[in-house]
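If you want the building blocks of each chain, they are given just below.
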Amino acid sequence: MSKTNNFYLGAVNPPIYQASTLVFDNIAELSKAKKLYARSGTATNDILAASVAKLENAAKTIITSSGLAAISSILLAILKQNDHMLMVEAAYEPTRELTTGILKNFGVNTDYYPANAGKKEIEKLIKAETKIIFLESPSSLTFEIQDLAQIVKLAQQNNIITIIDNTWSAGSYLKALDLGIDISIQSLSKYISGHSDLLLGAISFKELKLYQKIWPSLYQLGDHASPQDCYLAFRGVQTLKVRLKQHEENALKIAKNLAKNKNIKAILYPPLKSFKQHKLFKQYFTGANGLMSIVFKDEVNDEQIKQFVDKLTCFQLGFSWGGYDSLVMYYKATKDRATIVRLSIGLEDVELLIADLNQALKHLC
């Protein structure tokens, strides 16, 4: 057997198949075709989908145009008027907005449960109309971790579909489908891409039967991912584990340095033993990424925190995370939590990042 990949015509990397229209030699060929139109993806999309499916241990993966498109598409494909969904309170904010916006307008009802809720607490919220339990573990701001096995068991007992936003682990550090979760969603824009230069999402199914049931509705929604972006994301998958390891190494050094500062109340980073759910993190995850949040002591006011953020030079102000570049974002206090500064630790020289944080912290004195 040849070592070269004939599908790639001998090239190391897959080509970009750019097309909207697919053509056939005759009606007999058309009648047997698995793809009729490129809205369901070209061969480039399929290559990325197969690589993400392998990463997630999935029976089937669908690539979407963004992470939020993955979330909205799967929820719209499953839920109908008068259905009920349970969602973790700490879910990604645009996901929450989807439930209070479009889904609510369509007559779908959503209740929210605390991220640390136990089986009995969640069980009380289940109704006859409950179709989905939506998980996100850890959350991407305060990093609450859910007891996934207990929730999955409860869902299976009540014939409820479980969906998890698995972006934080990039499908590498948490094998969500192996735990019995039905559908794993990722924003491939984050660690899979790794370069802050594309928008993509993925929907991965544990069972082929569930995919086959839901796919017709997903196809009707018309979402489509660019083959060029799929090519870039496939390239990202090849270096994912190496990059994640470096992100984690940098983040651990930075977290331990920040923990020494007298103005900081807590570092929200699951690998730290001081993190309140560290044991649960170790139970479910085999590693961590570079995302963490800082909670300052009460005597540090919001203006000082804003000055700290503005004094940073190596950390750029931006909402996303998972790229090679380090980012910072300020989240104002709410009735439920204090002001939070989130850091996405990139792949720069960690000593430069530490020095930058230290010089900005001096302005709090």
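The notes below deal with the structure included here. Predicted model only: the values in this text are computed from it and were never measured.

**A word on the layout of surface pockets**
One way to see where empty space is left: roll a probe the size of a water molecule over the atoms.
Point 1. In this structure, the largest pocket encloses a volume near 1300 Å³.
Point 2. Those elements that place two or more of their residues in the lining of the largest pocket are α4 (93–100), β8 (264–268) and β12 (340–344).
Point 3. Here the lining of the largest pocket gets 5 residues from one element, more than from any other, and that element is α4.
Point 4. Of the voids in this model, the second largest pocket is the one considered here, and its volume is about 650 Å³.
Point 5. Going through the elements one at a time, α2 (43–56), β1 (60–64) and α8 (208–221) are the ones with two or more residues in the lining of the second largest pocket.
Point 6. Its residues assigned to classes, the lining of the second largest pocket shows 14 nonpolar, 8 polar and 6 charged.

**Considering the sheet that holds strand β3 (residues 109–113)**
Point 1. Within the open sheet, the 7 strands sit side by side as β1-β7-β6-β5-β4-β2-β3. Their pairing is mixed. Edge positions in the sheet fall to β1 and β3, since each of these pairs with one other strand and no more. The mean angle between the axes of side-by-side strands here comes to 20°, regardless of whether they run parallel or antiparallel.
Point 2. Direction of pairing for strand β6 (residues 183–187) relative to strand β7 (residues 201–205): antiparallel, over a ladder of 5 bridges. By the bridge assignment for β7, Q186 is matched with A202.
Point 3. Along the sheet face, α2 touches β1, β6 and β7 and points at about 125° away from the line of β1.

**Structural notes on unusual backbone geometry**
Point 1. Omega for the peptide link from S137 to P138 comes to -10°, which places this bond in the cis form.
Point 2. Relative to the assigned elements, P138 resides in the loop between β4 (130–136) and α7 (148–157).
Point 3. Of note, F143 is a non-glycine position whose phi angle comes to about 65°, a positive value.
Point 4. The topology assignment puts F143 in the loop between β4 and α7.
Point 5. You can call F143 buried: its relative accessible area is 0%.
Point 6. Even without being glycine, N159 reaches a positive phi, approximately 55°.
Point 7. Mapped onto the elements, N159 comes out in the loop between α7 and β5 (161–165).

**As for the nonpolar core**
Point 1. Counting 111 residues, the largest nonpolar core has I74, L75 and F308 as its most contacted members.
Point 2. Setting aside anything within four residues of it in sequence, one finds I74 in contact with I163, I183, I185, I203, F205, I214 and L218.

**Section: the pattern of salt bridges**
Point 1. Inspection of every chain in the model, using the stated rule, returns 6 salt bridges.
Point 2. Salt-bridge contacts for K35 lead to D46; the nearest nitrogen and oxygen are separated by 3.3 Å. A residue pair is termed long-range when its members are at least 10 positions apart, and K35 in the loop between α1 (27–32) and α2 and D46 in helix α2 qualify at 11 residues.
Point 3. Residue class for K35 comes out partly exposed when judged on its relative accessible area of 22%.
Point 4. K80 is paired through a salt bridge with D83; the nearest N and O atoms lie 3.4 Å apart.
Point 5. We classify D83 as buried; its relative accessible area is 3%.

**Here we look at the packing of aromatic side chains**
Point 1. Using the criterion set out here, one finds 8 aromatic pairs in the structure.
Point 2. Three or more aromatic residues joined by ring pairs make a cluster, and in this case those are F205, Y211, W215 and Y219.
Point 3. Between the NZ or CZ atom of R96 and the centre of the ring of Y112, over which it lies, the distance is 3.8 Å.
Point 4. Taking the ring centre of W321 as reference, the NZ or CZ of K190 above it sits at 5.6 Å.

**A look at the environment of A288**
Point 1. Summarising the element assignment, A288 is placed in the loop between α11 (278–284) and β9 (291–296).
Point 2. Residue class for A288 comes out buried when judged on its relative accessible area of 0%.
Point 3. Linking A288 and D83, residues 205 residues apart in sequence, is a C-alpha distance of 35 Å.
Point 4. Here A288 is in contact with W168, Y173, L244, E248, Y269, P271 and F281, once residues within four sequence places are set aside.

**Points about the side chain of T61**
Point 1. With respect to the helices, strands and loops of the structure, T61 is situated in strand β1.
Point 2. With relative accessibility at 5%, the residue T61 sits in the buried group.
Point 3. From its side chain, T61 meets the backbone nitrogen of A53 in a polar contact 3.4 Å long.
Point 4. Reaching out from T61, the side chain makes a polar contact with the side chain of S204 at a distance of 2.7 Å.
Point 5. In this structure, T61 is in contact with A49, V52, A53, A202, I203 and S204, ignoring residues within four places of it in sequence.

**Observations regarding the sheet that holds strand β11 (residues 327–331)**
Two orientations exist for strands paired in a sheet by backbone hydrogen bonds: parallel and antiparallel.
Point 1. Here 5 strands make up an open sheet; going across it, the order is β8-β9-β12-β11-β10 and the pairing mixed. Every interior strand has two partners, whereas the edge strands, β8 and β10 (316–317), have only one.
Point 2. Relative to β9, β8 is paired through 4 bridges, and the arrangement is antiparallel. When the bridges of β9 are listed, I267 appears paired with I294.
Point 3. Contacts from helix α10 (residues 240–258) reach β8, β9 and β12, with the element oriented near 5° to β9.

About the thresholds
Residues numbered from 1 in each chain as written. Predicted model: local features only at pLDDT ≥ 70, side-chain atom pairs only at ≥ 80, totals over all residues. Heavy atoms only, no water. 1 Å grid on protein atoms, 1.4 Å probe; cavity = no way out; pocket = protein on both sides within 12 Å on 5 of 7 lines; lining within 4 Å. Points joined across faces, edges and corners; volume = space filled by probe spheres on them. Helix = DSSP H or I, 4+ residues; strand = E, 2+ residues; numbered from the N terminus. Nonpolar A, V, L, I, M, F, W, Y, C, P; charged D, E, K, R; others polar. Pairing = 2+ DSSP bridges. Axes fitted to C-alpha atoms, helices over the stretch in contact; angles between N-to-C directions. Contact = heavy atoms within 4.5 Å. Buried < 20%, exposed > 50% of the residue type's maximum accessible area, 1.4 Å probe, protein only. Core = buried A, V, L, I, M, F, W, Y, C linked by side-chain atoms within 4.5 Å. Salt bridge = Lys/Arg side-chain N within 4 Å of Asp/Glu carboxyl O. Phe/Tyr/Trp six-rings, centres within 6.5 Å; stacked < 30°, edge-to-face > 60°. Lys NZ or Arg CZ within 6 Å of the ring centre and 35° of its normal. Polar contact = N/O pair within 3.5 Å; in protein donor to acceptor, adjacent residues only side chain to side chain.

Note that every value here comes from positions in space, so none of it alone points to a role or purpose.
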